[in-house]
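If you want the building blocks of each chain, they are given just below.
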Amino acid sequence: RERRRRALRVAAWQRGLQREKELKEAEGLAAGDDEDEQARELVEGEWDALLLGLRPPGRCEAVLRCLLKSATEAHKRTNCLTGIFPVALLSARDRDESVKAGEAFSGPLHGVPVSVKESYEVEGHDTTIGLGKLCGVPCTATEAVIRALEDAGAVIFARTNLPQTMLSYGCSNPIYGNTCNPHNPARTAGGSSGGEAALIACGGSVLGLGSDVGGSIRVPAAFCGVVGFKPTSVRVSMKGSVNAKVGQSGLGMVLGPMGRCTESVAACMRVWYSSYLWKYDQLVPRMPFDEEIYTSTRPLTIGYYTCDGFLAATPPCANAVLRGRDALASLGHTLVKFTPPDILHGMALFYELLTADGGELVRTWLEDEELDVSCKMFIEDMALAGTWYGRNVVPMVCREKGWHRAALVLSRLQKLTTSELWKRQAERYEYVQTFVDAMHKQGLDALICPSQTMVAPNPDVVAYTGTTMCYTQLYNLLDFPAGCVPAGLCSADDVAMMKEWPRAELERR
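Asks: How do you make sense of the packing of helix α13 (residues 343-354) against helix α17 (residues 404-412) when you look at a structure like this?
Replies: Geometry of a packed helix pair, given as the angle between the helix axes and the separation of the axes. Taken N-terminus to C-terminus, the directions of α13 and α17 make an angle of 45°; their axes are 9 Å apart at the nearest point. As judged from the angle between their axes, α13 and α17 are oblique. Here the hand of the crossing between α13 and α17 comes out right-handed. Each of L344, A348, Y351 and E352 in α13 lies in contact with α17, whose residues at this interface are R405, L408, V409 and R412. Broken down by class, the residue content of the contact of α13 with α17 amounts to 5 nonpolar, no polar and 3 charged.

Asks: How should the sheet that holds strand β10 (residues 334-337) be read in this particular structure?
Replies: Backbone hydrogen bonds hold the strands of a sheet together, and the pairing may be parallel or antiparallel. Strand order in the open sheet formed by 3 strands is β10-β9-β11, and the pairing between neighbours is parallel. Looking along the sheet, the strands with just one partner apiece sit at the ends: β10 and β11 (446-448). Here the strands of the sheet are splayed against their neighbours by 35° on average, with no regard to which way each runs. Where strand β9 (residues 301-304) lies against β10, 4 bridges are found, and the strand directions are parallel. Across the sheet, residue Y304 finds its bridge partner in β10, namely K337.

Asks: How should I be thinking about the side chain of T78 in this particular structure?
Replies: Tracing the sequence through the fold places T78 in helix α4 (residues 59-78). On the accessibility criterion, T78 (2% relative accessible area) is buried. Apart from the residues within four sequence positions on either side, T78 is in contact with N178, T179, C180, P182, A198 and C202.

Asks: Teacher, can you tell me more about empty space enclosed by the protein here?
Replies: Evaluation of the coordinates by the stated rule reveals 3 cavities of 30 Å³ or more. In this structure, the second largest cavity occupies an estimated 40 Å³ of space. As for the second largest cavity, its lining consists of D381, L384, A385, G390, V394, L410 and L413. Partitioning the lining of the second largest cavity into residue classes produces 5 nonpolar, 1 polar and 1 charged.

Asks: Would you explain the pattern of salt bridges in this entry?
Replies: Once their charged atoms are close, side chains differing in charge can pair, the charge on each being opposite to the other. By the definition in use, this model includes 22 salt bridges. A salt bridge links E22 to R15; its shortest N-O distance comes to 4.0 Å. Linked through salt bridges whose partners overlap, the residues forming this network are R1, E2, R5, R9, E367 and D368.

Asks: I tried to follow the pairing of strand β2 (residues 113-117) on my own but got confused; where do I start?
Replies: A regular strand places its side chains so that they alternate between the two faces of the sheet. The buried fraction of β2 amounts to 5 of the 5 residues, a majority that puts the element mostly inside the structure. Looking at chain direction, β2 and strand β3 (residues 155-160) are connected through 5 bridges and run parallel. In the sheet register, P113 faces β3, and the bridge partner there is V155. In this fold, β2 hands off to helix α6 (residues 144-151), which returns the chain to β3; that crossover is right-handed. In this structure, β2 lies alongside strand β6 (residues 207-212), joined through 2 bridges in parallel fashion. Bridge assignment links V116 to a residue of β6, and that residue is L209.

Asks: Just to check I follow, could you spell out the sheet that holds strand β7 (residues 227-230) for this structure?
Replies: Within the open sheet, the 7 strands sit side by side as β1-β3-β2-β6-β8-β7-β12. Their pairing is mixed. In this open sheet, the two strands that pair with only one neighbour each are β1 (81-84) and β12 (482-484). Neighbour to neighbour, the strand axes of the sheet diverge by 25° on average, direction disregarded. In the sheet, β6 pairs with strand β8 (residues 254-259) via 6 bridges, with the strands oriented antiparallel. Paired with D212 across the two strands is V254, which belongs to β8.

Asks: Would you mind showing me how to read the nonpolar core here?
Replies: Inside soluble globular proteins, nonpolar side chains tend to come together where they are buried. Counting 71 residues, the largest nonpolar core has W47, L209 and W272 as its most contacted members. The element best represented in this core is α4, accounting for 9 residues. Discounting chain neighbours no more than four positions away, the residues touching L209 are V114, S115, V116, K117, Y120, I146, L149, E196, G256, P257, C268 and W272. In this structure, F310, L311, M347 and W365 belong to the second largest nonpolar core, which totals 51 residues.

Asks: What exactly am I supposed to notice about a nonpolar patch on the surface here?
Replies: Taken together, V10, W13 and L17 make up a surface patch of nonpolar side chains, about 310 Å² in accessible area. Residue position: V10 is located in helix α1 (residues 2-31).

Asks: What is the right way to read unusual backbone geometry from this model?
Replies: A negative phi angle is the norm for most residues apart from glycine, just as the trans form is the norm for most peptide bonds. Of note, the bond from G191 into S192 is cis; its omega dihedral lies within 30 degrees of zero at 10°. Among the structural elements, S192 can be located in the loop between β5 (177-178) and α7 (194-201). Although it is not a glycine, N79 adopts a positive phi angle of roughly 60°. Along the chain, N79 falls in the loop between α4 and β1. Positioned with a positive phi, D479 is a non-glycine residue whose angle comes to about 60°. Structurally, D479 can be placed in the loop between α20 (470-478) and β12.

Asks: When you look at the pairing of β3 in this model, what are you seeing that I'm missing?
Replies: Of all 6 residues in β3, 6 are buried; the element is thus mostly enclosed. Bridging between β1 and β3 involves 3 bridges; their strand directions are antiparallel. Note that in β3 the partner of G83 across the bridge is R159.

Parameters and conventions
Residues numbered from 1 in each chain as written. Predicted model: local features only at pLDDT ≥ 70, side-chain atom pairs only at ≥ 80, totals over all residues. Heavy atoms only, no water. Axes fitted to C-alpha atoms, helices over the stretch in contact; angles between N-to-C directions. Helix = DSSP H or I, 4+ residues; strand = E, 2+ residues; numbered from the N terminus. Parallel < 35°, antiparallel > 145°, perpendicular 65-115°, else oblique. Left-handed = near helix turned anticlockwise from the far one by under 90°. Contact = heavy atoms within 4.5 Å. Nonpolar A, V, L, I, M, F, W, Y, C, P; charged D, E, K, R; others polar. Pairing = 2+ DSSP bridges. Buried < 20%, exposed > 50% of the residue type's maximum accessible area, 1.4 Å probe, protein only. 1 Å grid on protein atoms, 1.4 Å probe; cavity = no way out; pocket = protein on both sides within 12 Å on 5 of 7 lines; lining within 4 Å. Points joined across faces, edges and corners; volume = space filled by probe spheres on them. Salt bridge = Lys/Arg side-chain N within 4 Å of Asp/Glu carboxyl O. Right-handed = clockwise from strand over helix to strand, strands pointing away. Core = buried A, V, L, I, M, F, W, Y, C linked by side-chain atoms within 4.5 Å. Patch = residues over 30% accessible without salt bridge, like charges linked within 9 Å, V, L, I, M, F, W, Y side chains within 5 Å. Areas by Shrake-Rupley, 256 points an atom, 1.4 Å probe, with all protein chains shown as cover.

This is the structure in structure tokens:
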């Protein structure tokens, strides 16, 4: 067994060396001639201007070279990249040559460079999700959502970092290391799509792809100050996607876009909600992007809350919601206070469904692997799951220390029998109905709330604070579409308020 562990460490080390080689090549490709100032203006400008600017011959390659330069610089700041696709320059050049030859544009995303989370499968490249056993195992096909974007004219050019197994809201693994926050290197970029969020925030990508089973798009988007969107799970193909919890159907694992602005995210969804994707996965509902709803200026009734009843948001996150409330009210919308119904039951259901196999699948993935600290905590928790000690003694100790939400979660972690799983899935369906009824009773069109209980913490905090993701986890349980938009940085007043904010306040409220 020690030989097996050594082999996995060697595989991870070799993959790390391969990344450095790819990034060095990318620097060389980005250097090229003197930077094209017009291309730089397009990269840093508005989304619509970028789409139009990519139309003239020669623009696609010039824009990609600019982004490669920005991406490699972003990597030096944050350690966000796991690799570059050198073939991307050839693809961009092909787009330019086709236009030069008088052919039609390749699609609505003609020449748009797109970065992807390392968990996305691309033919001929390995997808490790931070595991040595997957290093050097090339994928045999490119997954459906990427093929759809390429058919629409996009150019896939970079891959970004993620936490080991993706079951963490941090962004570190033994192969590629830790991705830090672009605004403060002492803090995490968030996860599990943290590499994407950091790259976009640094200007190294204009559109990226992440994945989300509990907030893995929205939390890093919030921490880094970018836009992220989690669609309803059945609306986007998962065909060919790597997932450490494959087969888990109680929660809505879904792929989604990230970008600097809502227009870029919407552009991706237009492609995915169309025949570009449907031809690769016949199981995706044929429901096109609804332009009428997206462009509507009809006044809405919007619910808001800063405390969900599970964990109160800290002042910076609560204040962001209140600023959003005031901004929406100034545009003519009606804002109404909302309280999520029976939140303790909802969050207990989330954790029961997430760990219904008692962590068996994740333990299999992690067998003989060098463990990231966040995974060590998960393994320790799941080792107690279902035991008398884990369901009684540990929660009792947590309650005595005042950690009531942790006690609730730990008391519900266990390996479910088939009948128990079916019962929890039925309870989930009932909870969704209860939530919809609560919104309908107040006549709500939408909701706004914090994206996380707190702002980006130090990486060593992540392993034992998973319950702070309750604000995003809820919408995976409900399988509602949910997004995150920037709402400013922490102010001096926010920092001052935090000094008077005792940790116990999170649970008391």
